[in-house]
Amino acid sequence: MVCMAGTGEQREAIRRGTPEYRRATVGMLFVGLAIFSCLYSTQALLPTLTEALGVSPSQAALTVSAATGALAVCVVPASILSEKFGRGRVLTISAAAATAMGLVLPLSQSIGQMIALRALQGVLIAGTPAVAMAWLSEEIDERDLPRAMGLYIAGNTVGGLMGRLVPAFVLEVASWRWALMVSGTVSFALAAAAWWMLPEQRNFRPKASIRPGAEIKAVARHLANPRLVALAACGFIGMGVFVSMYNFFGYRAIHDFGLPPALAGLTFVMYLSGTWSSARAGTFISRFGRGRVVLAGAVLMLVGALIGASHHLGLTLAGLLVFTASFFAVHSTASGWVGQIAERDRAEASSLYVFSYYLGSSVLGALTGRAFEALPWAGFVGVLAGLLGVLTLVAGWLAYRERR
């Protein structure tokens, strides 16, 4: 059943082992699969789009940046709407509309049309990541939240993997248009399944009226919290570097290592390491603390990126594996940490993190395209390593504050 806003008194949070918990976690898994499958549906096709549409790699990469940029801009408005209409309602309508837009995308006649449609799709997607973490924080018992959050992030990773592998494989037997159509159909079916699975909201209390001024003040209060700002910076840098690496690694796999497009697309299987690290994040947090997990993940991202500069394919893929697993450990931990630090206005806090996360994807993903075109691969990796050095410093400060 579709989630509806609860209007009664707060009820007991959902505990692990109950039917509601299973429906909530499976439903959120389907949400992640649907949304992230459609969000990155063009990424594996970038080399093909460059050739088929006669555009540069940085122009083709705008089909990714346009979606994530529009998503980032609309995250805060979507979270504000959820305060009035309910997290579940905004989440499910967003997922259904965004995946339906994916069925229109293959009709694009030019790179400009495709970028415009992808931007519109990003607007529609925004409602889901804006409120998904807030939904989990409100509905799932705090003791079971790290595991539930990790499973949601794991769904994001598998969805991202599907969004890349499905069109890459279809490309071997059909055109890029059919590749996008098949991918869009799969995403829409998953969104419909999520709509049916998610249980009714228990603990959401709608606001009588939406006051933009009050919401802006809530965001301003979060910006005055240095730990929340640091977590937002982790999302911005981490996601920006991650998307940059995967935007352009396909070009290297094809041009430097001589792999066919479908085989180059298999590099996205590395996302499964992120599925594992996201699902294990709760265990790591229990043993080492959130700060140490974020710091270790940032350091390992840097190490993996540097190994990825190798001229040996096997070593490069090993570095990419470490890089990917570490990124999702950082993201899963940081995103869940936001809900713990923000004791009030959690939807706004989550939306601030998500805004920074996807803004990094859009801004850094676009800017590093110029670096990729101007520099050799080692130089491009050097740019990413510099950004990861900053991420490591921020993560180190967070770990220090947690110990205090």
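Source: prediction; values computed, not measured. (Residues numbered from 1 in each chain as written. Predicted model: local features only at pLDDT ≥ 70, side-chain atom pairs only at ≥ 80, totals over all residues. Heavy atoms only, no water.)

**What to know about the overall build of the chain**
No. 1: Looking only at helices and strands, the chain has 16 helices and 0 strands in total.
No. 2: Here the C-alpha radius of gyration of the chain, 20 Å, is about what a compact globule of 404 residues would show, namely 22 Å.
No. 3: Both charge centroids of the chain, one from 31 positive and one from 19 negative side chains, sit 4 Å from each other. (Helix = DSSP H or I, 4+ residues; strand = E, 2+ residues; numbered from the N terminus. Rg over C-alpha atoms; globule rule 2.2 N^0.38 Å. Lys, Arg positive; Asp, Glu negative; His and termini not counted. Charge placed at Lys NZ, Arg CZ, Asp CG, Glu CD.)

**Some thoughts on a nonpolar patch on the surface**
No. 1: A cluster of nonpolar side chains, namely Phe169, Leu263, Leu266, Val269 and Leu272, defines an oily patch on the protein surface of about 390 Å² accessible area.
No. 2: Looking at the secondary structure, you find Leu263 in helix α11 (residues 261-265). (Patch = residues over 30% accessible without salt bridge, like charges linked within 9 Å, V, L, I, M, F, W, Y side chains within 5 Å. Areas by Shrake-Rupley, 256 points an atom, 1.4 Å probe, with all protein chains shown as cover. Salt bridge = Lys/Arg side-chain N within 4 Å of Asp/Glu carboxyl O.)

**Some points on the environment of Leu263**
No. 1: The exposure class of Leu263 is partly exposed, given its relative accessible area of 39%.
No. 2: C-alpha separation for the pair Leu263 and Gly250, spaced 13 residues apart in sequence, amounts to 9.7 Å. (Buried < 20%, exposed > 50% of the residue type's maximum accessible area, 1.4 Å probe, protein only.)

**Focus: the side chain of Ser108**
No. 1: Among the structural elements, Ser108 can be located in the loop between α4 (87-101) and α5 (111-125).
No. 2: Since its relative accessible area comes to 1%, Ser108 is described here as buried.
No. 3: Within the local environment of Ser108, its side chain forms a polar contact with the backbone oxygen of Leu105, the two atoms lying 2.8 Å apart.
No. 4: When neighbours within four sequence positions are excluded, Ser108 is seen to be in contact with Gln113, Met114, Leu117, Trp176 and Arg177. (Polar contact = N/O pair within 3.5 Å; in protein donor to acceptor, adjacent residues only side chain to side chain. Contact = heavy atoms within 4.5 Å.)

**Quick notes on the packing of α4 against helix α8 (residues 176-197)**
No. 1: Two elements in contact, α4 and α8, have axes whose closest approach is 8 Å; the angle formed by their N-to-C orientations is 165°. One element, α4, and the other, α8, form an angle in the roughly antiparallel class. Helix-helix and strand crossings are classified by hand; for α4 and α8 the assignment is left-handed. Residues Thr92, Ile93, Ala95, Ala96, Thr99 and Ala100 of α4 form the contact with α8, whose own contacting residues are Gly184, Ser187, Phe188, Ala191 and Trp195.
No. 2: A per-class count over the contact of α4 with α8 returns 7 nonpolar, 4 polar and no charged. (Axes fitted to C-alpha atoms, helices over the stretch in contact; angles between N-to-C directions. Parallel < 35°, antiparallel > 145°, perpendicular 65-115°, else oblique. Left-handed = near helix turned anticlockwise from the far one by under 90°. Nonpolar A, V, L, I, M, F, W, Y, C, P; charged D, E, K, R; others polar.)

**Digging into helix α13 (residues 290-307)**
No. 1: Compared with the 26 Å implied by 1.5 Å per residue over 18 residues, the 26 Å span of α13 between its first and last C-alpha is a close match.
No. 2: Every buried residue belonging to α13 is among Arg290, Gly291, Val293, Val294, Gly297, Ala298, Met301, Gly304 and Ala305, and all of these are buried. For α13, the angular spread of the buried residues around the axis is 165°, confining them to a single face.
No. 3: Contact partners of the buried residues in α13: α7 (145-170), α10 (226-255), α12 (271-288), α14 (313-341) and α16 (377-403). (Expected span 1.5 Å × (residues − 1). Arc of directions from axis to C-beta.)

**Remarks on the nonpolar core**
As a rule of thumb, nonpolar side chains are buried together in soluble globular proteins.
No. 1: Of all hydrophobic cores here, the largest spans 100 residues; its most connected members are Met28, Leu136, Tyr152, Phe323 and Tyr358.
No. 2: Sort the elements by how many residues they give to this core and α10 lands first, with 15 residues.
No. 3: In contact with Phe323, other than residues within four places in its own chain, are Val241, Phe242, Met245, Met301, Gly304, Ala305 and Leu388.
No. 4: Counting residues in each nonpolar core, the second largest holds 9 residues, with Leu49, Leu171, Trp176 and Leu180 among its members. (Core = buried A, V, L, I, M, F, W, Y, C linked by side-chain atoms within 4.5 Å.)

**Topic: α7**
No. 1: The end-to-end C-alpha separation of α7 is 37 Å, in line with the 38 Å expected for 26 residues at 1.5 Å each.
No. 2: Counting buried positions along α7 gives 19 out of 26 residues, so the element sits mostly inside the fold.

**Section: the packing of α7 against α12**
No. 1: Where α7 contacts α12, the two axes come as close as 7 Å, and the packing angle between them is 175°. Comparing the axis directions of α7 and α12 gives the class roughly antiparallel. Every residue of α12 that contacts α7 at Pro146, Gly150, Ile153, Ala154, Thr157, Val158, Gly160, Leu161 and Arg164 is listed here: Tyr271, Leu272, Gly274, Thr275, Ser278, Ala279 and Gly282.
No. 2: Among the residues forming the contact of α7 with α12, the class breakdown is 8 nonpolar, 7 polar and 1 charged.

**Examining the side chain of Ser361**
No. 1: Mapped onto the elements, Ser361 comes out in helix α15 (residues 346-374).
No. 2: Overall, the relative accessible area of 0% leaves Ser361 in the buried class.
No. 3: With residues near it in sequence (within four places) discarded, Ser361 still touches Tyr40, Ser65, Thr68, Met239, Gly240, Val243 and Ala366.

**So, the pattern of salt bridges**
No. 1: Counted by the stated rule, this structure contains 1 salt bridge.
No. 2: We note a salt bridge from Arg252 to Asp256, for which the minimum N-O separation is 3.5 Å.

**A short note on the confidence of the model for the chain**
As a general rule, the predicted coordinates of low-pLDDT regions are not to be interpreted in detail.
No. 1: Considering every residue of the chain, the mean pLDDT works out to 85; 94% of them sit at 70 or more.
No. 2: The low-confidence segment residues 1-8, where pLDDT is below 50, has 29 contacts with residues more than four positions distant or belonging to other chains. (pLDDT = per-residue confidence, 0-100.)

**Here's the deal with the state of the cysteines**
No. 1: Counted under the stated rule, the structure contains 0 disulfides.
No. 2: The thiol sulfur of Cys74 is not disulfide-bonded, and the nearest other cysteine sulfur, from Cys38, lies at 14 Å. (Disulfide = S-S within 2.5 Å.)

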